[in-house]
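# Descriptive analysis of the structure
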Amino acid sequence: MEIWTIKKLLDWMTGHFTDKKIDSPRLTAELLLSSVLNMQRIELYMNFDKEVEKANLEKLRDLVKRCLNNEPVQYLIGRTEFYSISLKVSPVCLIPRPETELLVERAIEFLRTRTGTQHVCDLCTGSGCIAVAIAKNFADANIIATDICDQALSVAAENVAKYNLGEKVRLLQGDLFKPVIDQLDGREFDVIISNPPYISHPELEKLEPKVKNHEPQLALNGGPEGLDIYRRIADEIGNHLKKDGLLLLEIGYLQGQAVKQILEETNLFGEIKVEKDLSNNDRIVSAIKVKE
Ligand SMILES: C[S@@+](CC[C@H](N)C(=O)[O-])C[C@H]1O[C@@H](n2cnc3c(N)ncnc32)[C@H](O)[C@@H]1O
């Protein structure tokens, strides 16, 4: 009977994934195998000649098949890295993207210019990645994170619990600000941050199969022009953001001017900035509220 060692499996998967044009073939092979063997990736290299037992070969075979069917590797292994934090993910929530780290960075920079407890609202929290990253990196944060999808919030709850952030992050289920209104005694926030669904209907059709067929529609579909949630946030922001507070929104690369205009029409903000990501695409809109 053929003997499959860790090295042999890694080499075989890497070759196979390369042939089938899977992204980052070696990394994908390492992630799948380390997940099946419950090892760190580095441990694979320390155990190159170790034989992999039959039950694990079967588990791996199933993951390889699903990977070739374009299921994102993060869902297959149930976790991802965001802002250098390991987070649980599942197909009920969007896989946090590296671009969203810039949004977190800007929030933390702003929070560090202020003193005392800072109240933050993370709308559309999904896996809770933004709330967890801010809470882990800013000691005086008091965060409310909302999502309409209670299954996504269960994932967020696991991520909050994993890092013992339950005292700093409160998760509420409901439509945008609705659960905040129900819970709060009229409190306003220092920072309101959101990475909402923002894919337009024409763009939804063109998404790569990995995203289109596996990530939740609720996390992607932003209405006909992708702007529905921005319009709703703009309508309600006056009641929830403090004067001198910061609104931070992730946007699609074609939405900078449209979202800027939506915010201008509120007459609540000073300068409204559109910032690019590392790929030189518009990615963030930020604005300080200047009116009561
Ligand atoms: C683009 S995902 C972002 C998830 C996470 N914040 C991130 O950056 O990876 C958008 C999230 O918005 C949630 N959502 C969609 N419509 C919503 C609504 N009306 N109110 C609250 N959450 C909503 C979805 O369930 C999804 O989890």
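Use the structure listed above.
Residues numbered from 1 in each chain as written. Predicted model: local features only at pLDDT ≥ 70, side-chain atom pairs only at ≥ 80, totals over all residues. Heavy atoms only, no water.

### Overview of helix α4 (residues 54–68)
Relative to the 21 Å expected for 15 residues at 1.5 Å per residue, α4 spans 21 Å between its end C-alpha atoms, a close match to the ideal helical length. Of all the positions in α4, only Asn56, Leu57, Leu60, Leu63, Val64 and Cys67 are classed as buried. Taken end-on, α4 shows its buried residues confined to a sector of 125°, consistent with a single buried face. Pointing more than 90 degrees away from the buried face of α4 are the exposed residues Lys54, Arg61 and Lys65. Buried residues in α4 make contact with α1 (6–19), α2 (25–37) and α5 (73–77). Downstream of α4 by one or two residues, Asn70 has phi in the positive range, about 70°. (Helix = DSSP H or I, 4+ residues; strand = E, 2+ residues; numbered from the N terminus. Expected span 1.5 Å × (residues − 1). Buried < 20%, exposed > 50% of the residue type's maximum accessible area, 1.4 Å probe, protein only. Arc of directions from axis to C-beta. Contact = heavy atoms within 4.5 Å.)

### Some words on the sheet that holds strand β5 (residues 169–173)
Strand order in the open sheet formed by seven strands is β5-β4-β3-β6-β7-β9-β8, and the pairing between neighbours is mixed. Edge positions in the sheet fall to β5 and β8 (269–276), since each has one partner strand and no second. Each neighbouring strand pair of the sheet contributes to a mean axis angle of 15°, computed without reference to strand direction. Note that strand β7 (residues 241–250) and strand β9 (residues 282–289) share five bridges and pair antiparallel. (Pairing = 2+ DSSP bridges. Axes fitted to C-alpha atoms, helices over the stretch in contact; angles between N-to-C directions.)

### So, the packing of α2 against α4
At a closest axis distance of 10 Å, the pairing of α2 and α4 adopts a crossing angle of 140°. Note on packing geometry: the crossing formed by α2 with α4 is right-handed. In contact with Thr28, Leu32, Leu33, Val36 and Leu37 of α2, α4 contributes Asn56, Lys59, Leu60, Leu63, Val64 and Cys67. Classifying every residue of the contact of α2 with α4 gives eight nonpolar, two polar and one charged. (Left-handed = near helix turned anticlockwise from the far one by under 90°. Nonpolar A, V, L, I, M, F, W, Y, C, P; charged D, E, K, R; others polar.)

### Describing the state of the cysteines
The full count for this structure, using the stated rule, is zero disulfides. Distance from the sulfur of Cys93, which forms no disulfide, to the nearest cysteine sulfur (Cys129) is 8.4 Å. Between Cys124, a cysteine without a disulfide, and Cys121, which holds the nearest cysteine sulfur, the sulfur-to-sulfur distance is 9.3 Å. On the basis of relative accessible area, Cys124 is assigned to the partly exposed category, the value being 21%. (Disulfide = S-S within 2.5 Å.)

### Considerations on the site of the ligand
Within the structure, the ligand sits among 21 residues, and Cys124, Asp147, Asp175, Leu176 and Asn195 are positioned closest to it. One of the side-chain N or O atoms of Asn195 is found 2.8 Å from an oxygen atom in the ligand. Coverage of the ligand by the protein chains reaches 96% of its 600 Å² of free accessible surface. Secondary structure elements with two or more residues in the shell around the ligand: α7 (129–137), α12 (217–220) and α13 (228–237). When the residues that make up the shell around the ligand are grouped by side-chain class, the tally is 13 nonpolar, five polar and three charged. (Near = heavy atom within 4 Å. Polar contact = N/O pair within 3.5 Å; in protein donor to acceptor, adjacent residues only side chain to side chain. Areas by Shrake-Rupley, 256 points an atom, 1.4 Å probe, with all protein chains shown as cover.)

### Topic: the environment of Val52
Relative to the helices and strands, Val52 is located in the loop between α3 (41–46) and α4. For Val52, a relative accessible area of 5% translates into the label buried. Spatially, the C-alpha atoms of Val52 and Val64 are 15 Å apart, while their sequence positions differ by 12 residues. In this structure Val52 touches Trp4, Thr5, Ile6, Leu9, Leu37 and Leu57, once residues within four positions along its chain are discounted.

### Considerations on the packing of aromatic side chains
Across all of its chains, the model carries two aromatic pairs by this definition. Judged by centre distance (6.4 Å) and plane angle (75°), the rings of Trp4 and Trp12 are edge-to-face. Classification of Trp12 by relative accessible area gives partly exposed; the value is 42%. Judged by centre distance (5.1 Å) and plane angle (40°), the ring pair of Tyr45 and Phe48 falls under tilted. For Phe48, a relative accessible area of 22% corresponds to the partly exposed category. Across from the ring centre of Trp4, 4.8 Å away, lies the NZ or CZ of Lys8, which sits over that ring. (Phe/Tyr/Trp six-rings, centres within 6.5 Å; stacked < 30°, edge-to-face > 60°. Lys NZ or Arg CZ within 6 Å of the ring centre and 35° of its normal.)

### Focus: the environment of Asp190
Mapped onto the elements, Asp190 comes out in strand β6 (residues 189–194). For the pair formed by Asp190 and Lys88, sequence separation is 102 residues and the distance between their alpha carbons is 28 Å. With residues near it in sequence (within four places) discarded, Asp190 still touches Phe110, Arg114, Thr117, Gln118, His119, Leu241, Lys242, Gly245 and Leu246.

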